[in-house]
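Listed here are the chains, written in short residue letters.
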Amino acid sequence: AQSVSQHNHHVILSEAASLELGCNYSYGGTVNLFWYVQYPGQHLQLLLKYFSGDPLVKGIKGFEAEFIKSKFSFNLRKPSVQWSDTAEYFCAVRAPHNTVTTSGTYKYIFGTGTRLKVLA
Amino acid sequence: DSGVTQTPKHLITATGQRVTLRCSPRSGDLSVYWYQQSLDQGLQFLIQYYNGEERAKGNILERFSAQQFPDLHSELNLSSLELGDSALYFCASSVAGTGDGYGYTFGSGTRLTVV
């Protein structure tokens, strides 16, 4: 079964520190990859996404992620975090369903999230 | 405002009761997805509807059911509620039901507390 692993459950950084959040997925075929962010009390928002092409993807708010196919990874990075980056971050993979009832049916699988706290 | 509307925002109810959560997708989106977010399980996919039809099912309990109406809004019904059902329930929408790799738009969620 497909799965997404986020190994860091809680991360605490000081402002201006660099950030890297790990994301690994298990699926051998073509996938689309996403990072979502959930600020306190708000809904999930799309940070960035990868479909194909350049494996280094730029997102909003200075975030970027690198798709490394050989490692099944899609780590999120930011060179210098701010207090306002305090949030929960979810990695997600779009992959075909195990039981395909109609052709081209996909599902999104989310990681369990990483809670980032940035200290001012 | 993401364009996906969920009501109510908060719900407190007793064990054994039944509640209905409502979701209106973003204008133009045909697919609605329901997710349950709890502290220990993260985001769990429950069910997807596309243009009124059930498209995919995830880890949805038999006590839970959903439907999507002709106007594309969706309702998630939770019955015989247990303490463990306390969670944040998210609805998300997307344009298509298949081959849509553009990500979701999420609502703000309904926080359900079962006491």
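Our subject in this report is the structure included herewith. Everything quoted here is computed from the prediction, not taken from an experiment.

**Considering the overall build of chain B**
Helix and strand content of chain B: 0 helices and 11 strands. The helix and strand sequence of chain B, counted from the amino end, reads β-β-β-β-β-β-β-β-β-β-β. The globule rule puts the C-alpha radius of gyration for 115 residues at 13 Å, and the 13 Å found for chain B is close to it. Expressed along its principal axes, the backbone C-alpha trace of chain B runs to roughly 40 × 30 × 30 Å. Here chain B holds 115 residues, and 53% of them are scored as buried. For chain B, the distance from the average position of its 8 positive side-chain charges to the average position of its 11 negative side-chain charges is 3 Å.

**Description of the side chain of Q68 of chain B**
Residues and elements named next belong to chain B. Take Q68: it is sitting in strand β7 (residues 64–68). Of the residues examined, Q68 reaches a relative accessible area of 7% and is grouped as buried. Engagement of the side chain of Q68 in a polar contact is seen with the backbone oxygen of L30, the distance being 3.2 Å. A polar side-chain atom of Q68 sits 2.7 Å from the main-chain amide nitrogen of G52. In contact with Q68, not counting residues within four places along its chain, are L30, V32, Y49, Y50, N51, G52, E53, H73 and S74.

**Focus: unusual backbone geometry**
Note that the residue after T7 of chain B, namely P8 of chain B, is joined by a cis bond; omega there is -10°. By the element assignment, P8 of chain B lies in the loop between β1 (5–7) and β2 (10–13). The backbone phi angle of K61 of chain A is positive, close to 60°, even though this residue is not glycine. Inspection of the secondary structure puts K61 of chain A in the loop between β7 (56–58) and β8 (64–68). Looking at K61 of chain A, the relative accessible area reads 45%, which means it is partly exposed. A positive phi angle, close to 50°, is found at N51 of chain B, a residue other than glycine. Tracing the sequence through the fold places N51 of chain B in the loop between β5 (42–50) and β6 (53–57).

What counts as what
Residues numbered from 1 in each chain as written. Chains lettered and ligands numbered in written order. Predicted model: local features only at pLDDT ≥ 70, side-chain atom pairs only at ≥ 80, totals over all residues. Heavy atoms only, no water. Helix = DSSP H or I, 4+ residues; strand = E, 2+ residues; numbered from the N terminus. Rg over C-alpha atoms; globule rule 2.2 N^0.38 Å. Buried < 20%, exposed > 50% of the residue type's maximum accessible area, 1.4 Å probe, protein only. Lys, Arg positive; Asp, Glu negative; His and termini not counted. Charge placed at Lys NZ, Arg CZ, Asp CG, Glu CD. Polar contact = N/O pair within 3.5 Å; in protein donor to acceptor, adjacent residues only side chain to side chain. Contact = heavy atoms within 4.5 Å.

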